[in-house]
Amino acid sequence: MTSPAPLTREALAAAVGTTVARSDWERVDQDRIDAFAQVSGDHQFIHTDPRRAAATPFGGTIAHGMLSLSVLVGMASRVLPPVAGQRAVVNYGFDRVRFIAPVRAGARVRGQFDLAQVTERGRGALMLRYAAQALVEGADRPALRADWLLLYQFET
């Protein structure tokens, strides 16, 4: 995948209300779920024990919600276009995150990033609000939706 071309401030303003990026599909397999359990300390059986999880309504293990969010962050870093002249971009946080549907072990997910708002900040910075989704291949509903804020800083 090639890096996206930088957007000007004018192009950003014109892009509000549109999908600015979609990632490739990425598999969330049991090894990845187990590795996240090790890092996070969340070893709930619904994530790590395929035999016990098979007896639940999910019929098998599912990814941690926070793993799904983390995967979305990685996808964004690969597909969101930079802003022309940016010095740095900082994850400013989330105003809203909702885990809507499970990501079953072995499922493929992709990120979709709709630019919802661009706000001028002090010292020439820009705050971009993305309506982000983790889409599950073949599913009717996304795994998650999040209002994500990224702060872009520029040379002064």
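The structure displayed is predicted, hence computed values, not measured ones.

Let's shift gears to the environment of F45. The residue F45 is located in helix α3 (residues 45-48) in this model. With 16 residues separating them in the primary sequence, F45 and T61 have C-alpha atoms 7.9 Å apart. If we ignore the near neighbours within four places in the chain, the residues touching F45 are R52, A53, T56 and T61.

What follows concerns helix α2 (residues 30-40). All of the buried residues in α2 are Q30, I33, F36 and A37. Buried residues along α2 cover an arc of 120° about the axis, so they all sit on one side. Seen from the open side of α2, the exposed residues pointing more than 90 degrees away from its buried face are D31, Q38 and V39. Looking at the buried side of α2, the elements it contacts are β2 (26-28), α3, α4 (50-53) and α5 (65-79). Where α2 ends, the next residue or the one after it, G41, has phi of about 80°, a positive value.

Turning our attention to the packing of α2 against α5. Closest axis-to-axis distance for the α2/α5 pair is 10 Å, and the angle between their directions is 105°. Looking at the two axes, α2 sits roughly perpendicular to α5. Packed against α2, whose contacting residues are R32, I33 and F36, the element α5 presents M66, L67, S70 and V71 at the interface. Tallied by class, the residues present in the contact of α2 with α5 amount to five nonpolar, one polar and one charged.

Take unusual backbone geometry next. With phi around 55°, R123 is a residue other than glycine that occupies positive phi space. Along the polypeptide, R123 turns up in the loop between β4 (107-120) and β5 (126-136). When its relative accessible area of 78% is taken as the criterion, R123 is described as exposed.

What counts, and where the lines are drawn
- Residues numbered from 1 in each chain as written.
- Predicted model: local features only at pLDDT ≥ 70, side-chain atom pairs only at ≥ 80, totals over all residues.
- Heavy atoms only, no water.
- Helix = DSSP H or I, 4+ residues; strand = E, 2+ residues; numbered from the N terminus.
- Contact = heavy atoms within 4.5 Å.
- Buried < 20%, exposed > 50% of the residue type's maximum accessible area, 1.4 Å probe, protein only.
- Arc of directions from axis to C-beta.
- Axes fitted to C-alpha atoms, helices over the stretch in contact; angles between N-to-C directions.
- Parallel < 35°, antiparallel > 145°, perpendicular 65-115°, else oblique.
- Nonpolar A, V, L, I, M, F, W, Y, C, P; charged D, E, K, R; others polar.

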